[in-house]
Amino acid sequence: MNIHELALKIGALQVEGASGTEEVTHTTAIEDGDPGALCFIGNPNYERYITSTKATAVIVSEHFQMPEFNGVKQPVLIRTKSPYEAFGLALEIFSPKRTQLDKGIHGDAAVHSGATVAKTARIGAHATISDGVTIGDNTEIYPGVFIGPNTTIGSDCVIHPNAVIYDGVTIGDRVVVGACTVVGFDGFGYVPMANGFYKKIPQVGTVVIEDDVEIGACCTIDRATIAETRIKRGVRLDNLIQIAHNVELGENTVMAAQSGVAGSTKVGRQNIIAGQVGLTGHIETTANVIIGAQSGVSKSITKPGTYFGYPAKGHREALKLEGALRSLPELIERVKQLEEELKKERA
Amino acid sequence: MNIHELALKIGALQVEGASGTEEVTHTTAIEDGDPGALCFIGNPNYERYITSTKATAVIVSEHFQMPEFNGVKQPVLIRTKSPYEAFGLALEIFSPKRTQLDKGIHGDAAVHSGATVAKTARIGAHATISDGVTIGDNTEIYPGVFIGPNTTIGSDCVIHPNAVIYDGVTIGDRVVVGACTVVGFDGFGYVPMANGFYKKIPQVGTVVIEDDVEIGACCTIDRATIAETRIKRGVRLDNLIQIAHNVELGENTVMAAQSGVAGSTKVGRQNIIAGQVGLTGHIETTANVIIGAQSGVSKSITKPGTYFGYPAKGHREALKLEGALRSLPELIERVKQLEEELKKERA
Amino acid sequence: MNIHELALKIGALQVEGASGTEEVTHTTAIEDGDPGALCFIGNPNYERYITSTKATAVIVSEHFQMPEFNGVKQPVLIRTKSPYEAFGLALEIFSPKRTQLDKGIHGDAAVHSGATVAKTARIGAHATISDGVTIGDNTEIYPGVFIGPNTTIGSDCVIHPNAVIYDGVTIGDRVVVGACTVVGFDGFGYVPMANGFYKKIPQVGTVVIEDDVEIGACCTIDRATIAETRIKRGVRLDNLIQIAHNVELGENTVMAAQSGVAGSTKVGRQNIIAGQVGLTGHIETTANVIIGAQSGVSKSITKPGTYFGYPAKGHREALKLEGALRSLPELIERVKQLEEELKKERA
C-alpha cells in the first residue's frame with residue numbers, strides 16, 4: 001500500500017521524509033524492521049532502534065524527536081496522536097482474519113438433536129453441544145469444546161478449543177472465551193459440619209457474560225451459589241484468572257493474568273487490575289480504580305485512583321511507606337547514635 | 001412447600017411472623033427476593049436488605065435483631081443455629097440434581113476393550129478410557145476426559161469435561177475432579193548437568209485421591225517422583241491450584257483458588273488455606289492451621305492457629321508488625337526531632 | 001540388579017557395607033524403603049531415616065556421615081558426587097518408558113488431509129490436526145489435543161492430552177507440552193478508545209519453542225503482537241505459568257509453578273525463577289539470576305545473583321531489610337525511651 005494512502009487510513013497527523021512512492025507491504029517489530037515494513041514506537045524504550053531499523057516507515061507520536069543520525073537512509077516517520085492505536089489499525093489492514101474452522105458442523109462433533117445451531121455457525125470436531133443449547137449466527141465453536149444443557153450463546157462469538165461452558169449459562173454477542181477456560185463450574189461453597197467435614201452447598205445460580213467480553217485461556221468463572229455471577233459489557237480478562245461465585249465485574253474493566261476475585265465481590269466499571277492481584281470476598285471497588293501488580297485488596301475502595309501493596313493502599317501512601325521502609329536500616333543506625341550520644345551527655 | 005414443613009426439614013429453632021399458610025417455591029439471594037422466595041442472612045453485611053426484600057421467608061441466626069420497620073409486610077423469619085447450613089439444606093430441597101450425561105457409554109467415546117466400566121457408570125462423548133482402567137458404579141465421566149492406563153476410579157465420582165487423569169492413579173469414592181484439571185502429570189524434577197542443561201528425573205510415583213475429595217477446575221496435581229502424592233479424605237480444593245510431587249494434604253483441609261504447595265510438603269488435617277498462598281517445599285503444617293490470603297509459608301508450622309504475611313507469621317506478630325510498619329513515617333519524624341533537640345541541648 | 005553392577009552404572013565413588021550379593025529390584029522413597037529397594041538422601045532433612053529404613057541400598061553424598069546405630073542390619077551405602085543425579089540414573093534403569101498411545105493414528109482422530117504426519121508418529125483419539133500441520137518422527141499427540149493450521153512440530157515430542165497449539169506455531173525436537181496447556185493464544189493487547197471501550201490489537205506474531213523445552217500443565221504461552229514469543233532451548237516450565245506476548249526466555253531457564261512474565265520481557269539464560277513470581281513487562285534479566293518465591297520483579301536485573309521480595313531486591317539488601325523490619329517494634333520502644341530520657345534530662 002502506498003505510504004500516503006496508508007497514512008490516511010490510520011489517521012496520521014503528518015508524514016515526514018517520504019518521497020511519496022514508498023510502498024508498505026507488512027508489519028514488524030521495530031528491531032526486526034526490513035524493507036517494506038511498517039513499525040511503531042509506542043514506548044520510549046524502543047526509540048533507540050529508530051537509527052538502525054531497516055523498516056520503510058515508523059509510526060511515532062506527535063512529540064517524538066528524531067535523533068542525529070548518520071545512516072544511509074532514514075525511515076519515513078508517520079506522526080499520530082496514539083501510535084499504538086494507529087498501529088492497531090495498520091495491523092487490521094495487513095492481517096487477514098485467521099479462520100481455522102470449516103463451515104458448518106464437523107462430522108465428528110456431537111450435537112444433541114435438541115440443540116438449536118444457527119446455519120452460519122461453525123462447530124469443530126469433537127465438540128459436544130448438549131440438549132437445549134442455542135448458538136447464534138457466525139459463532140465459532142472450536143474442537144473439544146463442551147457446552148452444557150440449556151446454555152445460550154449469542155452471535156459472532158468464538159469459543160476456543162477445549163473450553164468448557166456448563167449448563168444454563170448466558171453468553172451475549174461478540175464474546176470470546178479462551179482455550180481451556182471453564183465457565184459456570186460450581187462455586188466454592190461449603191459448610192463445616194461438627195465432625196470437621198465440609199458439606200457442599202449446592203450452587204444453583206448461573207453465569208451471565210454480556211456482549212463484547214473477551215476472556216483469556218485457562219480462566220475459571222464460577223457459577224453463583226444463587227442468583228448470578230456477571231461479567232459486564234466490554235470486560236477484558238487475560239489468562240489464568242479466577243472469578244469466584246456471585247462476583248460482578250463492571251463495564252470495560254480489564255484484568256491481567258493470574259489475578260483473582262473472591263466470592264460476592266463487585267468490581268466497578270473501568271477498573272484496571274494488573275497481574276497476580278487478589279481481591280478478597282464481599283467487597284466493592286468504585287469506577288476508575290487502578291490496582292498495581294501483586295496487590296492484595298482487603299477492603300472496599302470507594303475513591304477512584306491508583307492503589308497498590310499488600311494490603312493495598314493509596315498510591316501516595318504506598319510510595320511513602322515504601323520509601324520509609326527502604327530507609328529503615330539507616331534509621332536504626334540513627335537511633336543507635338542517639339542512644340550513645342545521650343549516654344555521653346549524661347556521663 | 002408449606003413454611004412449617006420447610007422449617008422442620010431445615011432444622012429451624014423458631015418461626016416468626018408466619019400465618020401458617022405461606023408457601024415457599026424457590027430460593028434467591030436476599031437482594032433479589034420475590035414472593036415465594038426463601039433467602040438467608042449468613043453475613044451481617046446483608047442485614048440491611050431485610051427491610052426491603054420481597055421474599056416470603058428469610059433464614060436468620062438465633063441472635064438476629066429485626067430492625068424497626070415501616071414496610072407493608074415483613075418476611076417470615078426462620079431462626080436457626082447456622083443460617084448457612086440451613087440454607088444449604090433448603091437449596092437441596094428446591095434444586096433438582098443437574099444431570100448432563102445420558103446413561104451408558106456415548107457412541108463417540110473411545111473406551112479400550114481392556115477397561116472395566118460399571119454398568120451404571122456414564123461416559124460422555126469424546127472421552128478416552130485407556131487399557132486397564134476401572135470405573136465404579138454411578139461414576140460420571142464427562143466429554144473430553146482422558147483417563148490413562150491402569151487408573152482406578154471409585155463409585156459415585158464425577159470427572160468433569162476435559163479433565164486429564166494419567167496412568168496408574170487411584171481415586172476413591174464420591175470424588176469430584178473439576179474441568180480441565182490435570183491429575184498425575186509428571187512432577188517437576190530435574191538435575192542440573194555440568195553444561196547447564198537440566199536433566200529430567202523420571203517421575204515413577206503416583207497420585208492417590210482418597211474418598212470424598214472435591215477438586216476444582218484447572219488444577220494441577222502432580223505425580224510423585226517416587227512413592228505418592230496423597231490427597232486425604234474430605235479435602236476441598238478451589239480452582240487453579242498447584243499441588244506438587246510428593247505433597248500430602250491432610251483430612252478435610254480446604255484451599256482457596258490460585259494457591260500452591262511445593263514438593264514434598266505435608267499439610268496437616270483441617271487446615272484452611274486462603275487464596276494465592278504459597279507453601280515452600282519440604283515443610284509441614286500441623287492440624288488446625290489457618291493461613292491468610294497471599295501469604296508465603298517458608299517454614300514448618302508446629303502450632304495450631306492463624307498465620308499470615310510474607311513470610312507468614314503468627315497472627316498477633318503479623319498484626320503488630322503491620323501496625324509498626326504503618327507508624328514508620330511518623331517514627332522517622334520523631335527520630336528527626338530527637339536529633340534536633342539533642343543538638344540544641346548540646347549547643 | 002547386582003549391587004556392584006548398579007553402582008557402576010550410576011557412577012558411584014564407593015560402596016560401603018555390601019557383601020556383594022545384594023540385589024536391587026526397585027526404587028522407593030527412603031521412608032518407604034523395603035528389602036530390594038534403592039533410595040537416596042539428597043537433602044539433610046531425610047538423613048534421619050537412615051537408621052530405620054529397610055531399603056537394601058541408599059545413595060548418599062561423599063560427605064555423608066553414618067550415625068551411630070544399633071539396628072540389626074545397615075543398608076548398603078553408595079557414595080556419589082550427586083545423589084540426586086545418581087538416583088535419576090537409577091530411576092531410568094528401573095522404570096520402563098510409559099507408553100499410553102497405540103501406534104499410528106487413532107480412528108477417532110480428525111486429521112486434515114492437508115496435514116503431514118510422520119509414519120512413526122502417534123495420534124490419539126479425538127485429537128484434531130488442522131490443514132498444513134507437520135508432525136515429525138516419533139512424536140506423540142495425546143487425545144483431545146488441538147493443533148491449528150500450518151503449525152510445525154518436530155520429532156520426538158510429546159503433546160499431552162487436551163493441550164491446544166494454535167496456528168502457525170513452530171515447535172522444535174524433543175519438546176514436551178503439558179496437558180491443558182495453551183500455546184499461541186492471542187496476546188493481551190488492547191487500546192483504550194475515547195468512550196472507555198478497549199479495542200483489540202490483532203495479534204499477528206507467533207510462538208517459537210526451541211528444541212528440548214519442557215512445559216508443564218495448564219500453562220499459557222501467548223503469541224506475539226508482531227514478531228515472536230520465543231522459548232529457548234532447554235527451558236523448563238512448571239505448571240500454571242503465564243508467558244505473555246513477545247516474551248523471550250533464555251536457554252536452560254527454569255520457572256516454578258504459578259509464575260508469570262508480562263509482555264515483551266526478556267529473561268536471560270540459566271535463570272532460576274521460583275514459584276508465584278511475577279516479572280513486569282518490558283524489562284530484562286541477565287544470565288544466572290535466581291529469583292525467590294513470590295517475588296515481584298519491577299526493574300531490569302543486570303547483575304547475576306539472588307534476588308527476592310516485593311519489589312525484588314538483591315539478596316543481601318533484602319535480608320537486611322527483613323531483619324530491620326522484624327526489629328521495628330523494638331525500635332519504636334527505643335525511640336519512646338529516648339524521648340522520655342530527653343524529657344527528664346531537660347526537666
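These remarks concern the structure in this document. Just so you know, these numbers come straight off a predicted model, no measurement behind them.

Assigned secondary structure in chain A consists of 4 helices and 37 strands. The C-alpha atoms of chain A give 27 Å as radius of gyration, which overshoots the globular expectation for 347 residues (20 Å, by more than 25%). Overall size of chain A, expressed as C-alpha extent along the three principal axes, is 90 × 80 × 30 Å. A total of 347 residues make up chain A; the buried ones form 57% of that total. If you take every contact in chain A between residues at least 6 apart in sequence, the share linking residues at least 24 apart comes to 18%. Carbon and sulfur atoms make up 50% of the accessible area of chain A, which totals about 14100 Å². Of the side-chain charges in chain A, 32 are positive and 39 negative, and the distance between the mean point of each set is 6 Å.

A few words now on the interface of chain C and chain A. By convention, interface size is frequently given as the accessible area that disappears when the constituent parts associate. Residue-level contacts link 73 residues of chain C with 70 residues of chain A. Counting each side, the surface lost to burial between chain C and chain A is near 5400 Å², with a carbon and sulfur contribution of 62%. Remark: the boundary between chain C and chain A carries 2 salt bridges. Here Glu 339 of chain A makes a salt bridge to Arg 334 of chain C, at a shortest N to O gap of 2.8 Å. Linking chain C to chain A there are 22 residue pairs in polar contact (both at pLDDT 80 or more). Broken down by secondary-structure element, the contributors of at least two residues to the side of chain C that touches chain A are strand 20 (190-192), strand 21 (198-200), helix 3 (315-326) and helix 4 (328-346) of chain C.

The subject of this paragraph is the relation of the copies chain C and chain A. Between chain C and chain A, which share one sequence, the superposing operator has a rotation angle of 120° and an axial displacement of 0.1 Å; the RMSD is 0.1 Å. Both chain copies can therefore be described as sitting about a three-fold axis.

For the rest of this paragraph, the subject is the packing of aromatic side chains. Under the definition given, this model contains 21 aromatic pairs over all chains. Pairing Phe 40 of chain B with Tyr 84 of chain B gives two aromatic rings, centres 5.8 Å apart and planes at 25°, and the pair type is stacked. Residue Phe 40 of chain B is located in strand 3 (residues 37-40), and its partner Tyr 84 of chain B is located in helix 2 (residues 83-94); the two are separated by 44 residues in the primary sequence. Among the residues examined, Phe 40 of chain B registers a relative accessible area of 17% and is labelled buried. For Tyr 84 of chain B, a relative accessible area of 30% puts it in the partly exposed group. Where Phe 146 of chain B meets Tyr 166 of chain B, the ring centres are 6.5 Å apart and the plane angle is 70°; that geometry is what we call edge-to-face. You can see Phe 146 of chain B sitting in strand 13 (residues 146-147) and its partner Tyr 166 of chain B sitting in the loop between strand 16 (164-165) and strand 17 (170-171), a full 20 residues away along the chain. Tyr 166 of chain B carries the same exposure label as Phe 146 of chain B, and that label is buried. Ring-pair connections join several aromatic residues into one group, and the members of that group are Tyr 142 of chain A together with Phe 146, Tyr 166 and Phe 185 of chain C.

Residue and element names in this part refer to chain A. Its place among the elements puts Thr 229 in strand 25 (residues 228-231). A polar contact of 3.4 Å, which involves the side chain of Thr 229, links it to the backbone nitrogen of Ala 224. There is a polar contact of 2.9 Å between the side chain of Thr 229 and the backbone nitrogen of Asn 246.

Below, the discussion takes up the interface of chain B and chain A. Counting from both sides, the interface comprises 70 residues of chain B and, opposite them, 73 residues of chain A. Of the roughly 5300 Å² buried between chain B and chain A on both sides combined, carbon and sulfur atoms contribute 62%. For the pair chain B and chain A, the number of links is 2 salt bridges. Broken down by secondary-structure element, the contributors of at least two residues to the side of chain B that touches chain A are helix 2, strand 23 (214-215), strand 26 (236-237), strand 29 (254-255), helix 3 (315-326) and helix 4 (328-346) of chain B. The class makeup of the residues in the side of chain B that touches chain A is 33 nonpolar, 22 polar and 15 charged.

Cut-offs applied
For every chain, the first residue of the written sequence is number 1, and numbering continues from 1 onward in sequence order. Labels are handed out in written order, letters beginning with A for the chains and numbers beginning with 1 for the ligands. With the structure being a predicted model, the display of local features is reserved for residues of pLDDT at least 70 and the display and counting of side-chain atom pairs for 80 or more, all residues being used for whole-chain, interface and lining totals. Side-chain numbers come from the whole structure's heavy atoms, not from hydrogens or water. A run of H or I in DSSP counts as a helix once it spans at least four residues, and a run of E counts as a strand once it spans at least two, with each numbered from the N terminus. Using C-alpha atoms as the atom set, the radius of gyration is obtained and then compared with a globule rule of 2.2 Å times the number of residues to the power 0.38. Each residue's exposure class comes from its accessible area (1.4 Å probe, protein chains only) as a fraction of the maximum for that residue type: buried when under 20%, exposed when over 50%, partly exposed otherwise. Should any heavy atoms of two residues lie within 4.5 Å, those residues are counted as being in contact. Residue-level accessible areas treat just the shown protein chains as cover; the underlying method is Shrake-Rupley with a 1.4 Å probe. Charge convention: Lys and Arg are scored as positive, Asp and Glu as negative, and His as well as the terminal groups of each chain are ignored. By convention, the point assigned to a charge is CZ for Arg, NZ for Lys, CD for Glu and CG for Asp. Accessible-area loss on putting two parts together, using a 1.4 Å probe and summing over both, is the definition of buried area adopted here. For this document, the term salt bridge refers to a Lys or Arg side-chain nitrogen within 4 Å of an Asp or Glu carboxyl oxygen. By the criterion applied in these results, polar contacts are pairs of N or O atoms within 3.5 Å in which, for protein atoms, one can donate a hydrogen and the other can accept it, and in which residues neighboring in sequence qualify only through two side-chain atoms. Copies overlap after least-squares fitting; the atoms used are the C-alpha atoms of residues with pLDDT of at least 70 in both. Each pair of aromatic rings taken from Phe, Tyr and Trp, with Trp reduced to its six-membered ring, is defined by centres within 6.5 Å and is described as stacked if the planes are under 30 degrees apart, edge-to-face if over 60, and tilted in the remaining cases. Polarity classes work like this: nonpolar for Ala, Val, Leu, Ile, Met, Phe, Trp, Tyr, Cys and Pro, charged for Asp, Glu, Lys and Arg, and polar for all others, with Gly in that last group.

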